[in-house]
Amino acid sequence: MDDKKVSAMRAGGKIMAQIFAELKNYTQVGMTGKEIDKWVEKQILSAGAGVAYYEPEVDFPGSICISVNDELIHGIPKDIPLEEGDKVSYDLVIKYQGYYVDSAFTMILGKPTAAQKHLLSITESSLYEGIEQVRNGAKLGDVGFAVQKTLEKGKLGVIRNYVGHGIGKSMHMPPEVPNYGKKGQGIILRTGDTICIEPMSSLGKPDTIVVEDGNDGWTVCLRDGSLGAHFEHTVLVTDDGYEILTQA
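The structure presented is a predicted model; accordingly, all values stated were derived computationally and were not measured.

Caption draft 1: Broad picture of unusual backbone geometry. Cis peptide bonds are those with omega within 30 degrees of zero, and the linkage from Pro174 to Pro175 qualifies with 5°. Tracing the backbone shows Pro175 in strand 8 (residues 173-177). In the Ramachandran plot, Asn69 falls in the positive-phi region, its phi being about 55° despite a non-glycine side chain.

This is the structure:
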């Protein structure tokens, strides 16, 4: 195991977890995505980390992805105020001591509806069901199968055209980590591997479309206008299981 890598990613993960814990309390009705984005940028830099989305190879117009309602992932921070009942998904990558960590969560502003509660609860559960499969010698098909089974049991759409990934010296590395799969199939995980498991789901059909209006080209929406959810952790494979690096 690369001790330098693990040490840096552990430290970066703690920074990530702290930012997310504060972000959940910071987000309020009436705030705009751009206001939140600037706050997140300040937290990243004050912690001595780097804003990964600003790097030339990414060149994303924000420090964090903010996806509202039918926006699933990669939402560009906007000037539109958030409203009571909005679903908001946050996806953040930061760089610390030369290594990247990646995490995401979804929340509801105000009191959630029964459908919103179900969407978030099942999707987050599917993340941890997937993580539970991680260990030295496990196969990625086991991870994807566990995520898929949980989402389908909850009658949610399984997003197939966007997947998790390896992470470390680069933001996105092999292998791909799908949210679906077959037991006993796929790439074998080994101690020291670091991967991002990130279930994405929908209340309606799982078909997506990328917004091309104006200068967007980033925001991924659900084609039928239904709500989507996104949860993610960076996970280290250990001899006897796993360590969630982006959890408080």
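Caption draft 2: Summary view of the pattern of salt bridges. The final tally for this structure, using the stated rule, is 5 salt bridges. Measuring nitrogen to oxygen at the nearest pair gives 3.9 Å for the salt bridge that ties Asp79 to Lys34. With Asp79 in the loop between strand 3 (71-73) and strand 4 (87-96) and Lys34 in helix 2 (residues 33-46), this pair connects stretches of sequence that are 45 residues apart. Overall, Asp79 belongs to the exposed group, its relative accessible area being 56%. A residue is classified by how much of its surface remains accessible, and Lys34, at 42% relative accessible area, is partly exposed.

Caption draft 3: Geometry of the side chain of Asp86. Relative to the assigned elements, Asp86 resides in the loop between strand 3 and strand 4. It is Lys87 that comes nearest to the buried, bridge-free Asp86 among opposite-charge side chains, at 9.5 Å. Here Asn69 takes part through its side chain, which lies 3.0 Å from a polar atom of the side chain of Asp86.

Analysis parameters
Residues numbered from 1 in each chain as written. Predicted model: local features only at pLDDT ≥ 70, side-chain atom pairs only at ≥ 80, totals over all residues. Heavy atoms only, no water. Helix = DSSP H or I, 4+ residues; strand = E, 2+ residues; numbered from the N terminus. Salt bridge = Lys/Arg side-chain N within 4 Å of Asp/Glu carboxyl O. Buried < 20%, exposed > 50% of the residue type's maximum accessible area, 1.4 Å probe, protein only. Lys, Arg positive; Asp, Glu negative; His and termini not counted. Polar contact = N/O pair within 3.5 Å; in protein donor to acceptor, adjacent residues only side chain to side chain.

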